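Breakdown of the fold
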Amino acid sequence: MASGIGNAAHGAVQCGLGWLVASANPFSFPGRLLKGNLHTHTKRSDGTLSPEETVAWFRDRGRYDFVVLTDHRVLAETDALCSEGFTVVPGVELHPGKNELGHAHHIVCVGVTGPAELPGLDSPQEVLTTVDEAGGVCFAAHPRWHGCTFRDLIALEGYAGVEVFNTTCSALNGKGDSTVIWDDLLARGRRVFGVAVDDAHLARMDYFGGWVMVRTDDASPDGIVAALKAGAFYSSCGPEIRSLEVTQSHLKLECSPVRSVHVVSRGPVGVSFMDPGGALMDGVDCTLGGMDTYLRVQVVDASGMSAWTNPFYLDELPPE
Ligand SMILES: [Zn+2]
Ligand SMILES: [Zn+2]
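These numbers were taken from a predicted model, which means no experiment stands behind them.

The next point concerns the coordination of the zinc ion (ligand 1). Under perfect tetrahedral coordination by four donors, a metal shows angles of 109.5 degrees; under perfect octahedral coordination by six donors, it shows angles of 90 or 180 degrees. Those donors, Glu93 (OE), His106 (ND1) and His142 (NE2), are the protein atoms that reach the zinc ion (ligand 1), and they lie 2.0 to 2.1 Å from it. Mapping the donors of the zinc ion (ligand 1) onto the primary sequence yields the spacing E-x12-H-x35-H. Between the two metals, the zinc ion (ligand 1) and the zinc ion (ligand 2), the spacing is 3.5 Å, and Glu93 donates to both. Separated by 36 residues along the polypeptide, His106 in the loop between β5 (87–94) and β6 (107–110) and His142 in the loop between β7 (137–140) and α3 (150–154) bring together distant segments of the chain.

In structure tokens:
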């Protein structure tokens, strides 16, 4: 059986403005998996601890290999915060314009530095274009929590993905899971990745709740940003995905013990695997058929925690 995604394009490719996000199998990339949090606040905005204290807090607990500092409207250099075995990536969360419910947009920008004083950026598209030109990568933050719909997001170009899970939003009002908005976009042809994040402020239980597993042989900030752009990652709130092979007609996935494996496609299309008696599984090896436009895999463990692969587009997958 073909391994990974065969000759399909790997990851995102530059296409005029922004990203044309393509199928990417993290296990087809070289290197090792680095676990990290893409969305973190410090005292520079509304976080609890200073940047130095925040980085030390995560580093000393040993559960992440990297964090991205994304204070509201504040850009900062982070190279001095990196240490052996722990990478700090610069970023920012920006709030340009309003969504259809009248709430400010929240856009997490990863891999950007600059002056603390930001130039005026009034529209979400302006932010996405500016960050793209600066070499960074943007994600639509917690869309469900602040009422940002697929209509808001389909009108924008140049973001690589959406937060499918945000730990802080889950703790604030239970609206941490935006997976449905991701599927709304995918069903309409918008090719975007999904990321799980903490949005840590270290003010409540807003840490170690959602993360990405990035596969790379370059643990520098630039290496992590490049791997994110390429889609060399999966997201999780608990389960581990250990290997993944996918074609149009076959799926083989190995993971930590889970209660169910869902192959999700467009609209009602898809298939789920679970033991009728509730026994845990460590993956699937199955024939696929009848998928529509895209497929993604979501596994759910005995605690109800998910891990998500990024989407695979049928027109990019080898037949077998
Ligand atoms: Zn936000
Ligand atoms: Zn935030």
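Once you've had a look at it, read on.
Turning our eyes to something else, we now look at the environment of Pro221. Among the structural elements, Pro221 can be located in helix α6 (residues 221–230). We classify Pro221 as buried; its relative accessible area is 16%. Between the C-alpha atom of Pro221 and that of Val67, which follows or precedes it by 154 residues, the distance is 9.7 Å. Apart from residues no more than four positions distant in its own chain, Pro221 is found in contact with Cys82, Thr87, Val88, Val89 and Pro90.

Our focus in this paragraph is the coordination of the zinc ion (ligand 2). Protein coordination at the zinc ion (ligand 2): the donors are His39 (NE2), His41 (NE2), Glu93 (OE) and Asp199 (OD), at 2.1 to 2.4 Å from the metal. Metal-centred angles of 74 to 161° between the 4 donor atoms at the zinc ion (ligand 2) mark the site as irregular. Mapped onto the polypeptide sequence, the residues donating to the zinc ion (ligand 2) form the spacing pattern H-x1-H-x51-E-x105-D.

To continue, consider a negative patch on the surface. Judged by side-chain charge, Glu77, Asp79, Asp217, Asp218 and Asp222 come together as a negatively charged surface patch. Among the residues examined, Glu77 registers a relative accessible area of 51% and is labelled exposed.

Rules and cut-offs
- Residues numbered from 1 in each chain as written.
- Chains lettered and ligands numbered in written order.
- Predicted model: local features only at pLDDT ≥ 70, side-chain atom pairs only at ≥ 80, totals over all residues.
- Heavy atoms only, no water.
- Donors = N, O, S within 2.8 Å, 3.2 Å for Na, K, Ca; no water.
- Helix = DSSP H or I, 4+ residues; strand = E, 2+ residues; numbered from the N terminus.
- Buried < 20%, exposed > 50% of the residue type's maximum accessible area, 1.4 Å probe, protein only.
- Contact = heavy atoms within 4.5 Å.
- Tetrahedral: all angles 85-135°; square planar, octahedral: opposite > 155°, others 65-115°.
- Patch = residues over 30% accessible without salt bridge, like charges linked within 9 Å, V, L, I, M, F, W, Y side chains within 5 Å.
- Areas by Shrake-Rupley, 256 points an atom, 1.4 Å probe, with all protein chains shown as cover.
- Salt bridge = Lys/Arg side-chain N within 4 Å of Asp/Glu carboxyl O.
- Lys, Arg positive; Asp, Glu negative; His and termini not counted.
- Charge placed at Lys NZ, Arg CZ, Asp CG, Glu CD.

None of this, on its own, says anything about what the molecule does.
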